[in-house]
There are 2 protein chains.
Amino acid sequence: MNEKEILRLLELIKPFPRVFSKTIRKGDVVADYLEKRDRIFILEEGEADLIKFDTKGAKYIQEHYTDHDLFGEIFHAISVSGEYSVIADTRCTVTYFSLSDLSDETASHTNYPEIVGLLLSIFSSKFEQLNFHIAMLSKRTIRDRLLTYFNDLARRNYQRVFYVPMSYTQLADYLSVDRSAMMREIKNLEDEGFIDRNKYRIRLLTNI
Amino acid sequence: MNEKEILRLLELIKPFPRVFSKTIRKGDVVADYLEKRDRIFILEEGEADLIKFDTKGAKYIQEHYTDHDLFGEIFHAISVSGEYSVIADTRCTVTYFSLSDLSDETASHTNYPEIVGLLLSIFSSKFEQLNFHIAMLSKRTIRDRLLTYFNDLARRNYQRVFYVPMSYTQLADYLSVDRSAMMREIKNLEDEGFIDRNKYRIRLLTNI
DNA sequence: TTTCATTTGTTGCGATTGCAACACTTGAAA
DNA sequence: TTTCAAGTGTTGCAATCGCAACAAATGAAA
């Protein structure tokens, strides 16, 4: 996501009364995903996790957010079963607003077109992310999912060497495969000479 | 997607010079998905298919569009390999525009807030669709994918009886599973008393 | 009405995957 | 520094899936 755009958006919208900011202490709930609404949250400072509680009460970290990350109900695949919360990992400052409220409130303002432009740009990035996720999940083998994901990382890094930006447990969740099966397949890719790996540092050795 | 909103949007934006309309003859190309741009297409009349050509040249129908459907590069998971085109199935009338051009052009107009509101609403629906697709693809068995999909159809139909709105070949593609394996699993669901089926008419018999 | 391409329906088989189980490593809090 | 929860790495095994192959049904065009 473009950090400059997020900062500019914050600058433009903060003066409006229905754009809220608050500070959350470590461990506290940033946002509940109980009801599907059109709220958008911007994490200004700190770190937070999107946590899923499944039907058995077990909890999983679904996503991790840092400075200037953006989240909200409409950007997420909230599965049918289970509840979601965003929990502060450290002390957090978050700014949030309802999309429709913001639109109403800023409509007559001089900066409205710029605000809209920024929102549309942010939405485009989110569409891109979701579309990539779908394209990746449409691959039918763990190997293809890994290679699709790795190639994307390399492409966005302009290099064949990159660091996996999350834990392997989280990666397995993102790829929606069993973690142990994924580790086995990573090992296979190493053994067969497709990748070179050192913990989270990976180098692609082929042109697939 | 809300048809009323699409119609209202068309009404509002058609007068602008950089909103284009054209008629396409059956079999002709409505839009090429070669370059990723921010164009949005609204099919006003007729039917069209999103076709994928894979690396071997084989073609697949990826999606089917009818009156007042909406498509465009940003809404799609364009996989790495292969090319896409939208081909007219019958004579079509299509209206299209570049999102940024439209925003620029209408920014100073009285109807700008309403146009923006409609666009945001349309985007929200698309996010919902993509998020559902991801939630469904995150299921690891064909059975779970089918039940997730069927339950959604039933929910949106307010009934446990519904019609699968596409061919089983297309459904297998949407669920991203092998067609024969999917047919086998549908048969299993019938045999085990989870569903009742007559061609495309399905009745859910359980409360999962 | 006939033709023919497309879709549906079915099965066997081998490959891949999820699951369970366990040891080892890591890193943050006490 | 110690403790302990969380993540990593590995393996056997059974379940599921994709693939290939083919027959039957369907439906649109000639």
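For the structure itself, look to the data block above.
Residues numbered from 1 in each chain as written. Chains lettered and ligands numbered in written order. Predicted model: local features only at pLDDT ≥ 70, side-chain atom pairs only at ≥ 80, totals over all residues. Heavy atoms only, no water.

**With respect to the sheet that holds strand β10 (residues 195-198) of chain B**
All names here are of chain B. Strand order in the open sheet made by the 3 strands is β9-β11-β10, with antiparallel pairing throughout. A single partner strand is all that each edge strand has here, and the edge strands are β9 (161-163) and β10. Neighbour to neighbour, the strand axes of the sheet diverge by 20 degrees on average, direction disregarded. In this sheet, strand β11 (residues 201-204) lies alongside β10 in antiparallel orientation, the contact comprising 4 bridges. Note on β11: the bridge partner recorded for Asn198 is Arg201. The sheet contacts of helix α4 (residues 142-157) involve β9, β10 and β11, and relative to β9 the element is tilted by about 105 degrees. (Pairing = 2+ DSSP bridges. Helix = DSSP H or I, 4+ residues; strand = E, 2+ residues; numbered from the N terminus. Axes fitted to C-alpha atoms, helices over the stretch in contact; angles between N-to-C directions. Contact = heavy atoms within 4.5 Å.)

**Re the interface of chain B and chain A**
In this assembly, 29 residues from chain B lie in contact with 28 residues from chain A. Of the roughly 2,900 Å² buried where chain B meets chain A, counting both sides, 68% is carbon and sulfur surface. In this structure, the connection of chain B to chain A is made through 0 salt bridges. There are 8 residue pairs in polar contact (both at pLDDT 80 or more) connecting chain B and chain A. For the side of chain B that touches chain A, the secondary structure elements donating two or more residues are α2 (99-106) and α3 (112-137) of chain B. Tallying contributions element by element places α3 of chain B first for the side of chain B that touches chain A, with 13 residues. Across the side of chain B that touches chain A, the residue classes tally to 17 nonpolar, 7 polar and 5 charged. (Buried area = accessible area lost by both parts, 1.4 Å probe. Salt bridge = Lys/Arg side-chain N within 4 Å of Asp/Glu carboxyl O. Polar contact = N/O pair within 3.5 Å; in protein donor to acceptor, adjacent residues only side chain to side chain. Nonpolar A, V, L, I, M, F, W, Y, C, P; charged D, E, K, R; others polar.)

**Here's the deal with the sheet that holds strand β3 (residues 39-45) of chain B**
All names here are of chain B. Taken together, 4 strands build an open sheet; the order of strands is β1-β8-β3-β6 and the sheet is antiparallel. Two strands bound the open sheet, and with one partner strand each, they are β1 (19-24) and β6 (70-71). Sheet topology places β3 next to β6; 2 bridges connect them, and they run antiparallel. Within β6, the residue paired with Ile42 across the bridge is Leu70.

**Observations regarding the protein's contact with DNA strand C**
Around DNA strand C sit 21 residues in total, of which Thr141 and Ile142 of chain A together with Thr169, Met183 and Tyr200 of chain B are the nearest. When atoms of DNA strand C within 4 Å of the protein are split into backbone and base, the sugar-phosphate part holds 54%. At 3.2 Å, a side-chain N or O of Ser180 of chain A approaches a base nitrogen of DNA strand C. Measuring from a phosphate oxygen of DNA strand C, one finds a side-chain N or O atom of Tyr200 of chain B at 2.2 Å. (Near = heavy atom within 4 Å.)

**Considering a negative patch on the surface**
Together, Glu3, Glu45, Glu47, Asp67 and Asp89 of chain A make up a negatively charged patch on the protein surface. Along the chain, Glu45 of chain A turns up in strand β3 (residues 39-45). (Patch = residues over 30% accessible without salt bridge, like charges linked within 9 Å, V, L, I, M, F, W, Y side chains within 5 Å. Areas by Shrake-Rupley, 256 points an atom, 1.4 Å probe, with all protein chains shown as cover. Lys, Arg positive; Asp, Glu negative; His and termini not counted. Charge placed at Lys NZ, Arg CZ, Asp CG, Glu CD.)

**A closer look at the pattern of salt bridges**
Across all of its chains, the model carries 26 salt bridges over all chains by this definition. When the shortest N-O distance is used, the salt bridge between Glu73 of chain A and Arg39 of chain A registers 2.7 Å. Of the two residues, Glu73 of chain A is situated in the loop between β6 (70-71) and β7 (83-88) and Arg39 of chain A in strand β3; the sequence distance between them amounts to 34 residues. Neither Glu73 of chain A nor Arg39 of chain A differs from the other in exposure class; each is buried. A salt bridge links Arg143 of chain B to Glu185 of chain B; its shortest N-O distance comes to 2.8 Å. Here Arg143 of chain B is found in helix α4, whereas its partner Glu185 of chain B is found in helix α6 (residues 179-191), with 42 residues between them in sequence. (Buried < 20%, exposed > 50% of the residue type's maximum accessible area, 1.4 Å probe, protein only.)

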